[in-house]
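Examination of the molecular architecture
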Amino acid sequence: QYKNLPFRSPTVLDVWAYGNDLRKQRLGGDGTDLISILANRMPDDGTPMTEQDFNMYFTLLVIAGNETTRHAISNAMLGLIEQPEQMRRLQADPSLIPGAIEELLRWASPVYHFRRTATKDTVLGGKDIKQGDKVVMWFASGNRDESMFADPYAIDVTRPNVDHMTFGKGSPHLCLGNNLARMEIRLMFEELLPVLKSIEVDGEVKRVRSNFVNGIKAFPVAIKPA
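Attention here is on the structure that accompanies the text. (Residues numbered from 1 in each chain as written. Predicted model: local features only at pLDDT ≥ 70, side-chain atom pairs only at ≥ 80, totals over all residues. Heavy atoms only, no water.)

Applying the stated criterion to the full structure yields four aromatic pairs. Look at F114 and F139: their rings are 5.5 Å apart centre to centre, the planes differ by 45 degrees, and that puts the pair in the tilted class. Placement of F114 in strand β1 (residues 113–117) and of F139 in helix α7 (residues 139–142) is noted, with a sequence separation of 25 residues between them. Each member of the pair, F114 together with F139, is buried. (Phe/Tyr/Trp six-rings, centres within 6.5 Å; stacked < 30°, edge-to-face > 60°. Helix = DSSP H or I, 4+ residues; strand = E, 2+ residues; numbered from the N terminus. Buried < 20%, exposed > 50% of the residue type's maximum accessible area, 1.4 Å probe, protein only.)

Tallied over the entire structure, the rule returns eight salt bridges. Notably, a salt bridge pairs E67 with R70, separated by 2.3 Å at the nearest N-O pair. One end of the pair is E67 and the other is R70, both in helix α4 (residues 67–82) and three residues apart, which spans about a single turn. Residue E67 is classed as partly exposed on the basis of its relative accessible area, which comes to 23%. Here R70 falls in the partly exposed class, since its relative accessible area comes to 42%. A salt bridge links R182 to E102; the shortest N-O distance between them is 2.7 Å. (Salt bridge = Lys/Arg side-chain N within 4 Å of Asp/Glu carboxyl O.)

Before going further, it helps to examine the layout of surface pockets. Its volume calculated, the largest pocket comes out at about 1600 Å³. In terms of lining residues, the largest pocket is bounded by 47 residues, among which F7, L60, A64, F114 and F212 are the most central. Counting residues per element, the ones that place at least two in the lining of the largest pocket are α3 (51–64), α4, β1 and α8 (178–192). Roughly 240 Å³ of volume is contained in the second largest pocket. Looking at the lining of the second largest pocket, the elements that each hand over two or more residues are β1, β2 (122–124) and β4 (134–138). A breakdown of the residues in the lining of the second largest pocket according to their chemical character gives six nonpolar, three polar and two charged. (1 Å grid on protein atoms, 1.4 Å probe; cavity = no way out; pocket = protein on both sides within 12 Å on 5 of 7 lines; lining within 4 Å. Points joined across faces, edges and corners; volume = space filled by probe spheres on them. Nonpolar A, V, L, I, M, F, W, Y, C, P; charged D, E, K, R; others polar.)

Just geometry here; none of it tells us what the structure is for.
So this is what it looks like as structure tokens:
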């Protein structure tokens, strides 16, 4: 029944209904917000955006810019709690935070994998790939590649040149919001870490049941302010 919906979830129907209400409110207007532009501007290729096109685009805006960033923040925070010496380094020298964001993104890996369909026969990693084959890229595995990262399961906030895969690798996918996500995560830690004397896990950390999103549903903590 739901096999053709994103993630086969009926919840997305509510998301689409909300998005289409916004679109209808802005039709014919002169607003400069993103929904107004999607509702009223002809795409550069001259092909009008269908309702399905809008629904899929709106889904990406709502989910891709929400789920991944907050899961990156929560997983990175959990990692710093579990490896407190790294948190202390950031608190002692906040100038390390902008560079440490790349390491935290590598370690958090909020999206496990993407799948693509081969459009032609090719060879990838010494394996024959036929047109139509499904190819899965495991970002979480690449971010723990021992040949790329020394001691990959440890956070090192001074690790240089962190060439992670968290946002994709430029082709066929690179996260459109990667710079926004970096800024949001940086601001979160720049504002939070200086006001913490201590932060500890205070209960069971519950994870999202998913083989796609590395998400946390519940993350109780006990905090002592600085």
